[in-house]
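Observations on the model geometry
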Amino acid sequence: MADIVSTVRIGAVARNTFREALRNRAFMGLVAFSIAFILLSLALSEMAVVGQEARVVQSFGFFAISLAGAITAVVMGALLVYKEIERKTIYTIVSKPIHRHEFIIGKLFGLIGILIVQVAILGIVWAMVTSIQGGDVGAEHLKGIALIVLEVSLVACVAVMFSAFSSPVLTGLFSLGVFATGRLIPLIEEMLSANRGLFVENAFARFVGEAAVTVLPDLSVFNVSQQVLLGVPVHLSYMGEAIVYALAYGLVFLVIAIWAFERRDFI
Amino acid sequence: MSEASTPALVFKGLEKEFKLGLGLTRVHAVRGVDLEVQPGEIFGYLGPNGAGKTTSMKMAMGLIQPTAGSIRVLGGDIADPAIRRRIGYLPEHPFFYDYLTAFEILDFYGQLYELPRKARRKRIDSLLELVGLAHARDRTLRRFSKGMLQRVGIAQALIADPDLVILDEPLSGLDPMGRREVRNIIVSLREQGKTVFFSTHILNDIETICDRVAMIVEGQVVRVGPLAEMLRSESMGVEIVAHEVADGTRERLESLGAGLEVVGLATRIRLAGEHQATALQALMEGGASVTHVNPHRVSLEELFVREAAEAGGADG
Ligand SMILES: Nc1ncnc2c1ncn2[C@@H]1O[C@H](COP(=O)(O)OP(=O)(O)OP(=O)(O)O)[C@@H](O)[C@H]1O
Ligand SMILES: [Mg+2]
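Heads up: these notes are all about the structure in this document. The structure displayed is predicted, hence computed values, not measured ones. (Residues numbered from 1 in each chain as written. Chains lettered and ligands numbered in written order. Predicted model: local features only at pLDDT ≥ 70, side-chain atom pairs only at ≥ 80, totals over all residues. Heavy atoms only, no water.)

1. Overview of the coordination of the magnesium ion (ligand 2)
Of the protein atoms, only B:Thr54 (OG1) and B:Glu92 (OE) coordinate the magnesium ion (ligand 2), at distances of 1.9 to 2.4 Å. Taken together, the residues span a long stretch of sequence, with B:Thr54 in helix 1 (residues 53-60) and B:Glu92 in the loop between strand 5 (87-90) and helix 3 (102-112) at a distance of 38 residues. (Donors = N, O, S within 2.8 Å, 3.2 Å for Na, K, Ca; no water. Helix = DSSP H or I, 4+ residues; strand = E, 2+ residues; numbered from the N terminus.)

Structure follows, in structure tokens:
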């Protein structure tokens, strides 16, 4: 087992990926930008709905954190392996006694580490703004933030999978598509079960809709802002299920990525 | 088979065809290379630009898959990490994570070999000393010059004390001192019983340190063997340097098959040994003044140029 999956080798790649991001101005810019984005959107949403701000702001803040994290996941996930091949840094790595799957897993773990840091920073910013506005911040919110980490990590897996087959730009578009569709799965399901509308009139649209619902992860699982908003507690069993759900999907995406990467020429 | 008699590297009928674009254009980079590198030797892989050296080395390292043929490395398959553990590889113009320092990058590579921390540190410090980068240990690679990066490349290839070292143009980008240092490193690897397989198109490198040489031109090995033998098999020649060579004399010399080259005021004449007397007589009669007459062995350079030209001629 130690020969097929070495924590030392995976750890070395993961740590290094993490370190690269921290030393990278572009990533720091992205974090700064997303902080500004959160602050701005919180300010705007407060102006828009005078009176019941705390709740709406809360809900909108969660969405903004998740969007910023997903964008980081997609951009960095698309470039994660691509850049190594393009810059030929991969030559001195895969020629060492590391399995290619260990390399991919290490890169992905490094990226997830970065996403955790980013979401945590944005979560803290959000919590500070919310308490300044007089809302309270508690354990339920922490769970909500943790679920966002799961969501964006899953989006990172999607991006890494697409990047094994396509260019960074296409990978970016596909992955953002999966993120958007994944969030809308409950809505699509509702439309599919209705007896009127697009999915009834157009057979092809129905096929696409059904395929999406069947294949894509339902990212709304990780969005508990409504619940938290209404004061409904998020049970630990729910958290557990969400973790299993994310792991199962993440594993499938990862296996596909590794399968493609294993066979690749590095030219 | 015993360890000692197992070749360090074997190419059998090795081929690589690259598909460009939609696969309509193909580049046949390596066309049936057969090669055996024995343990403990320094083997030079020599060929002009675009001959297929880098491509064959990348196949040896498993970075690209051969279109046909097979490769054995240290008696095993390069896909096996246990085999890769015993190999050091320097890619052509190596690229590294440039946000890391020299120490950090070597530490990273050491971890991929699962070297324990203490051993890693010791090894890195001695390697940085060996390649002359001890002073730049904590500088980020972004601030390294080309030759310094090449030195990092040599150090990372040696980090795990490999049995076989595959170096793609190890002397490129180095200053004269650097070249000598790296040549000495390669020779000392042989003294430690290691095998070195390296590519170059710089003939001096090969002449001074290689045990055996393979010459590759347009994807095919055209010659292979001990260097001395390769050169000895060519006939001896003579080099004459003369001043004031008249046009008529020139023609007479050329009819003897001599190669003439004007160097400043002098003319350098190279021809087969048996025509020496006739050529000198022609020069005297033409009123030229002869300054040198040297017996001259065919150099690797001439052999190289000749092989490359022949292959080019046969092709076009
Ligand atoms: N990725 C690739 N796609 C298409 N053709 C390639 C690719 N890599 C190499 N080639 C072609 O294969 C041939 C051999 O290239 P290679 O890099 O192996 O030569 P080389 O002997 O290492 O030359 P040099 O001395 O310049 O380094 C060349 O014609 C080159 O254009
Ligand atoms: Mg080359």
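2. With respect to the site of ligand 1
Around ligand 1 sit 16 residues, and of these B:Gly50, B:Lys53, B:Thr54, B:Thr55 and B:Glu92 come closest. Ligand 1 sits at a junction of chains, with neighbouring residues supplied by chains A and B. Residue B:Gly50 places a main-chain N or O atom 2.7 Å away from an oxygen atom belonging to ligand 1. In this structure, B:Thr55 approaches ligand 1 through a side-chain N or O atom, which is 2.6 Å from an oxygen atom. Out of a free accessible area of 630 Å², ligand 1 has 71% covered by protein chains. (Near = heavy atom within 4 Å. Polar contact = N/O pair within 3.5 Å; in protein donor to acceptor, adjacent residues only side chain to side chain. Areas by Shrake-Rupley, 256 points an atom, 1.4 Å probe, with all protein chains shown as cover.)

3. A short note on the interface of chain A and chain B
Counting residues at the interface gives 30 residues for chain A and 26 residues for chain B. Here chain A packs against chain B, burying approximately 2,800 Å² in sum over the two surfaces, 58% of which is carbon and sulfur. Counting across the chain A and chain B interface gives 4 salt bridges. Two residues, B:Glu104 and A:Arg19, come together in a salt bridge whose shortest N-O distance is 3.8 Å. Across the contact surface, chain A and chain B share 18 residue pairs in polar contact (both at pLDDT 80 or more). Elements that contribute at least two residues to the side of chain A that touches chain B include exactly helix 1 (7-22), helix 5 (91-94) and helix 6 (100-132) of chain A. Ranked by the residues each element gives to the side of chain A that touches chain B, the list is headed by helix 1 of chain A, at 8 residues. The residue makeup of the side of chain A that touches chain B, split by class, is 11 nonpolar, 6 polar and 13 charged. (Contact = heavy atoms within 4.5 Å. Buried area = accessible area lost by both parts, 1.4 Å probe. Salt bridge = Lys/Arg side-chain N within 4 Å of Asp/Glu carboxyl O. Nonpolar A, V, L, I, M, F, W, Y, C, P; charged D, E, K, R; others polar.)

4. Notes on the packing of helix 7 (residues 139-163) of chain A against helix 8 (residues 168-193) of chain A
All names here are of chain A. Where helix 7 contacts helix 8, the two axes come as close as 9 Å, and the packing angle between them is 145°. Helix-helix and strand crossings are classified by hand; for helix 7 and helix 8 the assignment is right-handed. Touching Glu-151, Val-155, Val-158, Ala-159, Phe-162 and Ser-163 of helix 7 are Thr-171, Phe-174, Ser-175, Val-178, Phe-179 and Arg-183, all from helix 8. When grouped by side-chain class, the residues that make up the contact of helix 7 with helix 8 number 7 nonpolar, 3 polar and 2 charged. (Axes fitted to C-alpha atoms, helices over the stretch in contact; angles between N-to-C directions. Left-handed = near helix turned anticlockwise from the far one by under 90°.)

5. Structural notes on the nonpolar core
If you look at the biggest cluster of nonpolar residues, it comprises 154 residues, and the most contacted ones within it are B:Phe11, B:Val73, B:Ile87, B:Ile105, B:Ile166 and B:Phe197. When residues of this core are assigned to their parent elements, the largest contribution, 14 residues, is made by helix 6 of chain A. If sequence neighbours within four positions are ignored, B:Ile87 has contacts with B:Met61, B:Val73, B:Leu74, B:Ile78, B:Tyr113, B:Pro162, B:Leu164 and B:Ile166. Residues B:Ile240, B:Ala242, B:Ala258 and B:Leu271 belong to the second largest nonpolar core, which totals 11 residues. (Core = buried A, V, L, I, M, F, W, Y, C linked by side-chain atoms within 4.5 Å. Buried < 20%, exposed > 50% of the residue type's maximum accessible area, 1.4 Å probe, protein only.)

6. Details of helix 8 of chain A
With 26 residues, helix 8 of chain A extends 36 Å from end C-alpha to end C-alpha; this agrees with the ideal 38 Å at 1.5 Å per step. At A:Ile185, helix 8 of chain A shows its maximal kink, close to 60°; a proline, A:Pro186, follows between one and four residues later. (Expected span 1.5 Å × (residues − 1). Bend = angle between axes of the 7 residues up to and from the residue.)

7. Thoughts on the sheet that holds strand 6 (residues 164-168) of chain B
Residue and element names in this part refer to chain B. Spatially, 6 strands are ordered 5-6-7-3-8-9 in an open sheet, and the strand pairing comes out mixed. The sheet is open, and its two borders are formed by strand 5 and strand 9 (220-226), each paired with just one other strand. Adjacent strand axes in the sheet meet at a mean angle of 15° when their direction is disregarded. Across 6 bridges, strand 8 (residues 212-217) lies against strand 9 in antiparallel orientation. In the sheet register, Val-217 faces strand 9, and the bridge partner there is Gln-220. Helix-sheet contacts for helix 5 (residues 146-158) involve strand 5 and strand 6, and the interaxial angle to strand 5 is about 165°. Strands strand 3 (42-46), strand 6 and strand 7 (195-200) of the sheet are contacted by helix 6 (residues 176-191), whose axis makes an angle of about 135° with strand 3. (Pairing = 2+ DSSP bridges.)

8. So, the pairing of strand 3 of chain B
Side-chain positions along a regular strand alternate between the two faces of the sheet. Residue and element names in this part refer to chain B. The buried fraction of strand 3 is high, at 5 of 5 residues. Of the two faces of strand 3, the one carrying Ile-42, Gly-44 and Leu-46 and the one carrying Phe-43 and Tyr-45 are both buried. Across 5 bridges, strand 3 lies against strand 7 in parallel orientation. Across the sheet, Gly-44 pairs through a bridge with Phe-198, a residue of strand 7. As paired strands, strand 3 and strand 8 are joined by 4 bridges and run parallel to one another. Across the sheet, Phe-43 pairs through a bridge with Arg-212, a residue of strand 8.

9. What about the sheet that holds strand 11 (residues 259-263) of chain B?
Residues and elements named next belong to chain B. Ordered in space as 11-12-10-13, the 4 strands form an open sheet in which the pairing is antiparallel. Whereas interior strands pair on both sides, the edge strands pair on one side only; in this sheet they are strand 11 and strand 13 (289-296). Pairwise comparison of adjacent strand axes, ignoring direction, gives a mean angle of 20° for this sheet. Of the pairings in the sheet, the one linking strand 10 (residues 237-243) to strand 13 comprises 7 bridges and is antiparallel in character. For Ile-240, the partnering residue across the bridge sits in strand 13 and is Val-293.

10. Here's the deal with the pattern of salt bridges
All names here are of chain B. As enumerated under the stated definition, the model contains 26 salt bridges over all chains in all. A salt bridge links Arg-85 to Glu-114; the nearest nitrogen and oxygen atoms lie 3.8 Å apart. With Arg-85 in the loop between helix 2 (81-84) and strand 5 and Glu-114 in the loop between helix 3 and helix 4 (117-130), this pair connects stretches of sequence that are 29 residues apart. Since its relative accessible area comes to 32%, Glu-114 is described here as partly exposed. Residues Arg-120 and Asp-107 are paired through a salt bridge, measuring 2.7 Å at the closest nitrogen-oxygen approach.

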